[in-house]
Amino acid sequence: MSAIAREATDIARWKHHLESGISAMGIRLHDTQTEKLLQFVFLIEKWNRVHNLTAIRDMEKMISHHVLDSLAILPYITGKRILDVGSGAGLPGIPLAITRPDIEVTLIDSNSKKSAFQQQARADLQLDNVQSICTRVEAWHADPYDTIVSRAYSELTTFIEFSRHLLADQGTFVAMKGGFPQEEIAALPASFRVRQSHRLEVPGLQAERHLILIEKS
């Protein structure tokens, strides 16, 4: 088999893996959205060769551990303005922006290399509903956000303390976690409470995933 034929076979396999995962999660997307999600993974893989954006190198794992993991929180994203704190390679913000063109997503990260990748992804994928900010979240001031999300940023107390000034009065913190963070929840500031918690099932990801929704008490 030629190199071109092998590449076409690989792309078809990766696309099937992505589409199967999306279908299993009950998400309906246009073909253009699925293509953009796949392009996003290709872009991460390309930048990883030089910039070490993420520890995962395998394409199928990048699809499940990054894209599908990000999309698992779609039902819990509310409001129009979304802030992704410690966004890194644009996760979960960019997959959310691709699948929800009706929302405005701000990606914030203090790492200039990762912020540069976010800006490149925004341009390449033509995501007009995304902006990338390179700074520490505690130093960023903007109009309030309806949802503030973090995927692998910090413990809950730090996440809230550093970004609470950006949350709208009726807004929600959405924290993506592995195991259930009982001790972190017990240490929450008195002015905040857990509204809901959910155990997430992510196709292809054989690990515990929990989502914690926090609001002002």
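All values derive from a computational prediction rather than experimental measurement.

Participant: Tell me about helix α2 (residues 31-51), and name the residues and values.
Facilitator: An α-helix turns once per 3.6 residues; consequently, residues spaced three or four apart project the same way. Taking 1.5 Å per residue as the helical rise, α2 with its 21 residues ought to reach 30 Å, and the 30 Å between its terminal C-alpha atoms agrees with that figure. Along α2, the residues classified as buried are Gln 33, Thr 34, Leu 37, Leu 38, Phe 40, Val 41, Leu 43, Ile 44, Trp 47 and Asn 48. Just beyond α2, the residue with positive phi is Asn 52, at close to 55°.

Participant: Before we move on, can you summarise the packing of aromatic side chains with the specific residues and values?
Facilitator: Scanning all chains against the criterion turns up 6 aromatic pairs. Taking the centre distance of 5.1 Å and the plane angle of 70° together, the rings of Phe 159 and Phe 173 count as edge-to-face. Remark: Phe 173 occurs in strand β5 (residues 167-177) and Phe 159 occurs in helix α6 (residues 156-163); sequence separation between them is 14 residues. A network of ring pairs unites the aromatic residues Tyr 153, Phe 159, Phe 173 and Phe 192 as a single cluster. Geometry around Tyr 145 places Arg 81 over its ring, the cationic atom sitting 4.1 Å from the centre.

Participant: How would you summarise the confidence of the model for the protein chain if you had to cite specific residues and measurements?
Facilitator: The predicted model of the protein chain has a mean per-residue pLDDT of 93, with 96% of residues at 70 or higher. Per-residue pLDDT stays below 50 along residues 1-6; that stretch engages in 2 contacts with residues further than four places along the chain or on separate chains.

Participant: Could you give an account of the side chain of Ser 64, naming the residues involved and the relevant values?
Facilitator: As for its position among the elements, Ser 64 is in helix α3 (residues 59-71). The exposure class assigned to Ser 64 is buried, which follows from its relative accessible area of 2%. Within the local environment of Ser 64, its side chain forms a polar contact with the side chain of His 65, the two groups lying 2.9 Å apart. With sequence-adjacent residues up to four places away left out, Ser 64 is seen in contact with His 17, Asp 69, Val 202, Pro 203, Gly 204 and Leu 205.

Participant: Could you give an account of the environment of Asp 31, with specific residues and numbers?
Facilitator: By the secondary structure assignment, Asp 31 is in helix α2. Under the relative-accessibility criterion, Asp 31 is labelled exposed at 65%. Remark: the alpha-carbon pair of Asp 31 and Glu 19, spanning 12 residues in sequence, is separated by 9.7 Å.

Participant: Run through the packing of α2 against helix α5 (residues 112-124), naming residues and quoting values.
Facilitator: Two elements in contact, α2 and α5, have axes whose closest approach is 11 Å; the angle formed by their N-to-C orientations is 145°. Along this stretch, α2 crosses α5, giving a crossing that reads as right-handed. The residues of α5 that touch α2, namely those facing Phe 40, Leu 43, Ile 44, Trp 47 and His 51, are Lys 113, Ala 116, Phe 117, Gln 120, Ala 121 and Asp 124. Looking at side-chain class alone, the contact of α2 with α5 contains 7 nonpolar, 2 polar and 2 charged residues.

Participant: Which residues make up the sheet that holds strand β7 (residues 210-216), and what values do they have?
Facilitator: Spatially, the 7 strands line up as an open sheet ordered β3-β2-β1-β4-β5-β7-β6, and their pairing is mixed. Unpaired on one side and paired on the other, β3 (130-133) and β6 (192-199) mark the two borders of the sheet. Taking each pair of neighbouring strands and ignoring which way they run, the sheet shows an average axis angle of 20°.

Participant: Summarise unusual backbone geometry; cite the residues concerned and give the values.
Facilitator: Note the cis peptide between Leu 91 and Pro 92, where omega equals 10°. Non-glycine residue Asn 52 carries a positive phi angle of around 55°. For Gln 126, which is not a glycine, the phi torsion comes out positive at approximately 55°. You can see Gln 126 is positioned in the loop between α5 and β3. Here Gln 126 falls in the exposed class, since its relative accessible area comes to 61%.

Reading the values: rules and limits
- Residues numbered from 1 in each chain as written.
- Predicted model: local features only at pLDDT ≥ 70, side-chain atom pairs only at ≥ 80, totals over all residues.
- Heavy atoms only, no water.
- Helix = DSSP H or I, 4+ residues; strand = E, 2+ residues; numbered from the N terminus.
- Expected span 1.5 Å × (residues − 1).
- Buried < 20%, exposed > 50% of the residue type's maximum accessible area, 1.4 Å probe, protein only.
- Phe/Tyr/Trp six-rings, centres within 6.5 Å; stacked < 30°, edge-to-face > 60°.
- Lys NZ or Arg CZ within 6 Å of the ring centre and 35° of its normal.
- pLDDT = per-residue confidence, 0-100.
- Contact = heavy atoms within 4.5 Å.
- Polar contact = N/O pair within 3.5 Å; in protein donor to acceptor, adjacent residues only side chain to side chain.
- Axes fitted to C-alpha atoms, helices over the stretch in contact; angles between N-to-C directions.
- Left-handed = near helix turned anticlockwise from the far one by under 90°.
- Nonpolar A, V, L, I, M, F, W, Y, C, P; charged D, E, K, R; others polar.
- Pairing = 2+ DSSP bridges.

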